[in-house]
Amino acid sequence: RATYHPSSGWEGGLEPYGPLQLEPSAQVLNYGQSVFEGMKAQRSAKGNIVLFRPDENAARMMAGAERLSMPPPPADVFLDAVLSTVRANAHYVPPRGKGSLYLRPLLLGTGPILGLGPAPSYSLVVYAAAVGAYFKTGQLTPIDLVVEERFHRAAPGGMGGTKAAGNYSPVLVVQLAAKKSGYADVVYLDAKTDTYLEEVSSCNIFTVKGNVIKTPPLAGTILPGVTRKSVIQLARQLGYEVQEANVTVTEAMEADEIFTTGTAVVVSAVGSLTHRGQKKQFGEPGKPTKTALRIYEALTALQQEAGEDPFGWIVPVA
Ligand code: PMP
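All of these numbers come straight from a predicted model, not from anything done at the bench. (Residues numbered from 1 in each chain as written. Predicted model: local features only at pLDDT ≥ 70, side-chain atom pairs only at ≥ 80, totals over all residues.)

Novice: Even after reading the chapter, I still don't get the domain arrangement of the chain, so can you show me in this structure?
Specialist: The accessible area lost on association of the parts is a frequent measure of interface size. For the chain, the domain assignment lists domain 1 (2-131) and domain 2 (143-303). Distance from the C-alpha centre of domain 1 to the C-alpha centre of domain 2: 26 Å. Elements with a minimum of two residues in the side of domain 1 that touches domain 2: β3 (34-36), β4 (39-43) and α2 (54-67). In terms of residue count, the dominant contributor to the side of domain 1 that touches domain 2 is α2 (six residues). (Domains from an automatic or database assignment. Helix = DSSP H or I, 4+ residues; strand = E, 2+ residues; numbered from the N terminus.)

Here you go:
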């Protein structure tokens, strides 16, 4: 945990996991100055504990901090906090292929303030937890998604492009309703026209038609996923044509495949998409579709140092 005071800058160190002491007037509890990150440390094929592109998470947290009027933690402060958390919890990193150590950096406006304004002080807290597959059906079972018709996740000019905690509370009721109806999650549409795919509650979305892979562009309303960015590069290297372009629901319903990407979901094939009661099935039931599997395998090989790292994305935790 590192604390920021305007007079002394960032200071802190390792602490045992436990409650945070906050005053009731802490900014974050009243006005929601909170951005976070999600990362994974994994055991690699070379026997290292590795992180995947942590500089990207640092940059995204800095951008989110600016948007929420918080002091952006410098990349070295962020990386030091993450690396020392992994080192201190190295014994919790599962064996290769059995999961990972999920890391959750939080930037919170912890100082007290009564009137609406930015907090006088901040905390950067990183905690860790060993995790397995994100969806309860397991990593390679395709997920069933439904197009959300009532609620939007983000408005133009809002905070959809940041990992602000406030983006996630409005999603809970939607996600719960979808799960009750048998879906793993929902796909949000753009708030302006209700026509284009945006993303899923915790991952980005891609469609495949022939050799062309499409994913919604970063227009400020979807999260710039680290996995999304990496998959775009990897897929191009594998010979696909990748377009960052608007994807209509109709187009998605007519795609050959759909998959989602994220730190938690990795690459998850979509087994079906339901829109206005119409269900489109992709591939064989229970089996990941071809492109999704190919990209999943390429990405995880790279992330686990089972192949080359041509892009320099792997950071070993010494
Ligand atoms: N969209 C949303 C809304 C998310 O919460 C996440 C998870 N951080 C993603 C996309 C995927 O981002 P990343 O690949 O960086 O995990």
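Novice: What should I look at first to understand the pairing of strand β9 (residues 185-189) in this one?
Specialist: Looking down a regular strand, the side chains alternate between one sheet face and the other. Within β9, five of the five residues are buried, which leaves the element mostly enclosed by the surrounding structure. Here three bridges tie strand β8 (residues 143-147) to β9, and the two strands are oriented parallel to one another. Across the sheet, Leu 145 pairs through a bridge with Asp 185, a residue of β9. At this point the chain moves from β8, through helix α4 (residues 172-180), to the parallel β9, and the crossover so formed is right-handed. Note that β9 and strand β10 (residues 197-200) share two bridges and pair antiparallel. Counted as the bridge partner of Leu 189 is Leu 197 from β10. (Buried ≥ 20, exposed ≤ 12 C-beta atoms within 10 Å, placed from the backbone. Pairing = 2+ DSSP bridges. Right-handed = clockwise from strand over helix to strand, strands pointing away.)

Novice: What should I look at first to understand the nonpolar core in this one?
Specialist: Counting residues in each nonpolar core, the largest one holds 39 residues, and the members touching the most others are Leu 145, Val 187, Ile 258, Val 267, Val 270 and Ile 295. Put simply, the parts of the chain that give this core at least two residues each are β8, β9, β10, β11 (204-209), α5 (226-237), β14 (257-262), β15 (266-275) and α7 (290-303). When residues in this core are grouped by element, the largest group, five residues, is from β15. Excluding residues that lie within four positions of it along the chain, Val 267 makes contacts with Val 231, Phe 259, Thr 261, Ala 292, Ile 295, Tyr 296 and Leu 299. Of all hydrophobic cores here, the second largest spans 33 residues; its members include Val 35, Val 125, Val 126 and Trp 313. (Core = buried A, V, L, I, M, F, W, Y, C linked by C-beta atoms within 7 Å. Contact = placed C-beta atoms within 7 Å.)

Novice: What is the right way to read the site of the ligand from this model?
Specialist: Around the ligand, the structure places 14 residues, and the nearest of them are Gly 225, Val 226, Thr 227, Gly 262 and Thr 263. Going through the elements one at a time, α5 and β14 are the ones with two or more residues in the shell around the ligand. Along the lines of polarity and charge, the residues of the shell around the ligand split into three nonpolar, eight polar and three charged. (Near = placed C-beta within 6 Å. Nonpolar A, V, L, I, M, F, W, Y, C, P; charged D, E, K, R; others polar.)

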